[in-house]
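Structure assessment
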Amino acid sequence: MGTMRGVNKMGIKDKYQDYFEIGVAVNNRTIRTHSELIKKHFNSLTFENESKFSSLQKSEGKYKFKKLDELVSFGRENKMSMRGHTFTWHQQTPNWVFKNATKEILLERLKSHIEVVGKRYEDDFYCWDVVNEAIDDKGDGILRKSFWTDIIGQDFMEYAFHYAREVLPSTELFYNDYNESLLPKRDKIYKTVKDMKDKGVPINGVGLQCHWNIYQPSMDEIRRAIEVYADLGLRIHITEMDISVYRFEDKQRLSKPTEKMLEQQAKVYGDSFAIFREYKDLIDNVTLWGPADDVTWLDNFPVRKRKNWPLLFDENQEPKEAYYRIMDF
C-alpha cells in the first residue's frame, strides 16, 4: 500500500489525468452537501435525475429548467465536463408523452423534446446518453417491451439518435445500459449497437453502467465485455459505477458493512480500475454513481429500509479502503 494513508492529498481526477476523466453523479442537494469532495476528486458530472424527461417537461410544452440550470452552472464554474442523461428511457418519462399517441405523434414529441433540451445545453453537455436501458435482460427478445416499442416499433432508437444528431452535430451520442458485462445481455447490447452502426445510425459510444456487487461480475467477464464493445470501434464510458456489498437477491439488512465486505469491495474497485487503465485508449470517462455512502440510490433498493455502502467514500465523506486501492498504482 502507499504511504499516504489518511493524508488524502491528491484528488482521484489528478491521479488519473493521463488515463480518463473521473465523473460523479450529483443533484441539487449534493452540490452543496458534498461540494468540496466533488470539486477535489472529480472533473466530470452526470446529473442523477435533473436532465431526464420527467424532470424537464412534466407537462407538454411546459419546460422547467431551474434545477438543471443550477447544476450546469456548478459544472461551468468548476470547469467540469458534463454528460447529458438521458433523452429516451422507459422510466421517468411522463404519461402525457404516450397518451393518445400514434407513431407520428410520439416521434414528434420525442423530436421536439430533444430539440429544445439539446439546443439549450449544446455548449455544456459534451455527450448524451440518447437511449437508456432499452434492451431486455431476460428471454430471447432483444428490446425491452415499452411504450416506445409498442407505439413506434423496434427501430425507435434509430429515430432518437438521428434526431439528436440533427440538433447536436458535434456532441458524442451514447447508448447506455446495465448488466452490460453479463451474458446474455452483453451480446444483445453488442448486436443492437452493431446493427445500428451498420445502418449508419449516428452513435459514438456505449455507456457501461457498471452497477456491480462484490460477487459479480468476475474480472474475466469485465475484461471480455470491454473487448467485445471495443470491437464496435466506438468510445466506451463507465457511466454509473458502484459496488454493492450485497448480491442482488440478498434479503439481509446489516447495520454496517463487515470488514470482509469492505475488503472484497476494495479488491473489486482496485482490480476493475486496473483493467480500465489497461484500456485507457478506449475508455474516456469513468463515473461513480454518487459522491459518498451517505447518499446512494442503492439505499432501499432492491430491499426496503436497507443501507448500502457502494462508493469510494464513507458516510462521513472520508476515503474507504476502496479509494486507496484505485489510487495505489
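Structure report, in brief. (Residues numbered from 1 in each chain as written. Predicted model: local features only at pLDDT ≥ 70, side-chain atom pairs only at ≥ 80, totals over all residues. Heavy atoms only, no water.)

**Remarks on the overall build of the protein**
Looking only at helices and strands, the protein features 12 helices and nine strands. Dimensions of the protein, computed from C-alpha atoms along their principal axes, come out at roughly 60 × 45 × 40 Å. The buried share among the 329 residues of the protein stands at 57%. Long-range pairs, those at least 24 residues apart, make up 77% of the contacts in the protein between residues at least 6 apart in sequence. Only carbon and sulfur atoms are counted for the fraction: they give 48% of the accessible area of the protein, which is about 14800 Å². Taking the average place of the 51 positive charges on the side chains of the protein and the average place of its 53 negative ones, the gap between the two points comes to 4 Å. (Helix = DSSP H or I, 4+ residues; strand = E, 2+ residues; numbered from the N terminus. Buried < 20%, exposed > 50% of the residue type's maximum accessible area, 1.4 Å probe, protein only. Contact = heavy atoms within 4.5 Å. Areas by Shrake-Rupley, 256 points an atom, 1.4 Å probe, with all protein chains shown as cover. Lys, Arg positive; Asp, Glu negative; His and termini not counted. Charge placed at Lys NZ, Arg CZ, Asp CG, Glu CD.)

**Here's the deal with unusual backbone geometry**
In the segment running from L183 into P184, the intervening peptide bond is cis, with an omega of 5 degrees. Along the polypeptide, P184 turns up in the loop between β5 (172–177) and α9 (185–198). Here the amide bond leading from Q216 into P217 is cis, since omega sits at 0 degrees, within 30 degrees of zero. Of note, P217 is situated in the loop between β7 (211–213) and α10 (219–230).

**A few points about the pattern of salt bridges**
Applying the stated criterion across every chain yields a total of 25 salt bridges. Three or more residues are tied together by salt bridges with common partners; here these are D137, R144, D177 and K185. (Salt bridge = Lys/Arg side-chain N within 4 Å of Asp/Glu carboxyl O.)

**Quick word on the side chain of N308**
Tracing the backbone through its elements, the reader meets N308 in the loop between β9 (283–288) and α12 (321–327). With relative accessibility at 1%, the residue N308 sits in the buried group. A polar atom in the side chain of N308 sits 3.3 Å from the backbone nitrogen of V245. Excluding its chain neighbours within four sequence positions, the residues that come into contact with N308 are S244, V245, Y246, D293, T296, L298 and D299. (Polar contact = N/O pair within 3.5 Å; in protein donor to acceptor, adjacent residues only side chain to side chain.)

That is the geometry; function is a separate question.
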